[in-house]
Amino acid sequence: MNLPNKLTVLRFLIAIVYFIILSFYDKAEAATAWLMRPALLLFIIAALTDFFDGYLARRYQTVTKFGRISDPLIDKIIICGSFIFFTGWNNLNYFLPPWIVVVIVAREFMVSGLRGLMESQGIPFASTIWGKQKMLCQTIMIIWSLFYLGYPGLIIPVVWSTVILQTLVWVTLVLTVLSGLVYFLQVGIWKEINRNLS
């Protein structure tokens, strides 16, 4: 197993610990707010491993089938799992209503299915710039949410923290939908080209 794949496996292990920590957080108990601090640290480490495993795989041309499948899958587990946890907390679900999470999770499932279909036909399914921007925005939103819960009012007043959080939610939603549409339009174009050539 090469280094990028090892980083992918490490991210999965970090995700397990991360979700265990989130499960012990109680929105009604202020004493558990400190749990968001190690959760924030773990999420940032996971995000960094995501960046480095992709960079190393491309830099040294060590892209594998395991990496192409497991890397985006683990990303989706961490991202979607975080959003699902957030909707259960009253101090966040005001900004992140369940219907937005449903849209985000549905998009991830649909793109994953599309990726599996294309890969099964031997067609590479690389991320687009829209997909990368979507992932970046989702990552920033989750980091800010954990920071908002673990360090309330530390850097800027809570009122501005909430404005930033609400803005991140809507930008994330727009990018999530747009990036999903781009993937499906690309596949539609590919099918049309293939039909005309056959």
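That block above? That's the structure.
Residues numbered from 1 in each chain as written. Predicted model: local features only at pLDDT ≥ 70, side-chain atom pairs only at ≥ 80, totals over all residues. Heavy atoms only, no water.

Asker: I'd like a description of the overall build of the protein, backed by residues and values.
Answerer: The secondary structure content of the protein amounts to seven helices and zero strands. Written out in order from the N terminus, the α and β elements of the protein read α-α-α-α-α-α-α. When burial is assessed residue by residue, the protein has 44% of its 198 residues classed as buried. A total of about 11000 Å² of accessible surface is found on the protein, and carbon and sulfur atoms cover 73% of it. (Helix = DSSP H or I, 4+ residues; strand = E, 2+ residues; numbered from the N terminus. Buried < 20%, exposed > 50% of the residue type's maximum accessible area, 1.4 Å probe, protein only. Areas by Shrake-Rupley, 256 points an atom, 1.4 Å probe, with all protein chains shown as cover.)

Asker: So what's going on with the side chain of T162? Which residues, and what values?
Answerer: The residue T162 is located in helix α7 (residues 158-197) in this model. Those residues in contact with T162 that lie beyond four places of it in its chain are F95 and Y148. (Contact = heavy atoms within 4.5 Å.)

Asker: Any chance you could break down the side chain of T87 for me, citing the residues and the numbers?
Answerer: If you trace the backbone, T87 turns up in helix α3 (residues 65-87). Polar side-chain contacts of T87 include one of 2.7 Å to the backbone oxygen of I84. Leaving out residues up to four positions away in the same chain, T87 has contacts with N93, L96, P98 and V101. (Polar contact = N/O pair within 3.5 Å; in protein donor to acceptor, adjacent residues only side chain to side chain.)

Asker: An account of the packing of helix α2 (residues 36-59) against α3 is requested, with residue identities and associated values reported.
Answerer: Following both chains from N to C, one finds α2 and α3 inclined at 155°, their axes separated by 11 Å at the closest point. Between α2 and α3, the crossing angle belongs to the class labelled roughly antiparallel. The two elements α2 and α3 cross, and the hand of that crossing is left-handed. The residues of α3 that touch α2, namely those facing F43, A46, D50 and D53, are D71, D75, I78, I79 and S82. (Axes fitted to C-alpha atoms, helices over the stretch in contact; angles between N-to-C directions. Parallel < 35°, antiparallel > 145°, perpendicular 65-115°, else oblique. Left-handed = near helix turned anticlockwise from the far one by under 90°.)

Asker: Pulling in residues and values, what's your account of the nonpolar core?
Answerer: Among the nonpolar cores identified, the biggest contains 39 residues, and Y18, F83 and L146 are the most heavily contacted of them. In terms of residues, this core owes the most to one element, helix α6 (residues 129-150), which gives seven residues. For F83, the residues in contact, after removing those within four places along its chain, are L96, V101, I104, Q138, M141, I142 and T172. (Core = buried A, V, L, I, M, F, W, Y, C linked by side-chain atoms within 4.5 Å.)

Asker: Break down the pattern of salt bridges for me, with residues and values.
Answerer: Within this structure, the stated rule accounts for seven salt bridges. Note that D71 and R11 form a salt bridge whose closest N and O atoms lie 2.3 Å from each other. One end of the pair, D71, is in helix α3; the other, R11, is in helix α1 (residues 3-23), with 60 residues separating them in the sequence. Here the two residues D71 and R11 agree in accessibility, since each one is buried. Between R107 and E108 there is a salt bridge whose closest N-O contact spans 3.0 Å. Accessibility expressed as a relative area gives 7% for R107, which makes it buried. Taken together, the shared-partner salt bridges in this structure form one network comprising R11, D50, D53, D71 and D75. (Salt bridge = Lys/Arg side-chain N within 4 Å of Asp/Glu carboxyl O.)

Asker: Requested: an account of a nonpolar patch on the surface, with residues and values cited.
Answerer: A cluster of nonpolar side chains, M1, V9, F12, L13, I16, V17, I20, F24, F66, L73 and I77, forms an exposed patch at the surface whose accessible area comes to about 1000 Å². Contributing elements (two or more residues each) for the nonpolar patch: α1 and α3. With six residues, the single largest contributor to the nonpolar patch is α1. The residue V9 is located in helix α1 in this model. Since its relative accessible area comes to 30%, V9 is described here as partly exposed. (Patch = residues over 30% accessible without salt bridge, like charges linked within 9 Å, V, L, I, M, F, W, Y side chains within 5 Å.)

Asker: Give a detailed account of the layout of surface pockets, specifying residues and quantitative values.
Answerer: Each pocket or cavity is described by its volume, and for the largest pocket that value is around 1200 Å³. Lining the largest pocket we find 45 residues, and of these D50, R58, D71, D75 and S127 sit closest to its centre. Within the residue set of the lining of the largest pocket, elements represented by two or more residues are α1, α2, α3, α5 (98-120) and α6. (1 Å grid on protein atoms, 1.4 Å probe; cavity = no way out; pocket = protein on both sides within 12 Å on 5 of 7 lines; lining within 4 Å. Points joined across faces, edges and corners; volume = space filled by probe spheres on them.)

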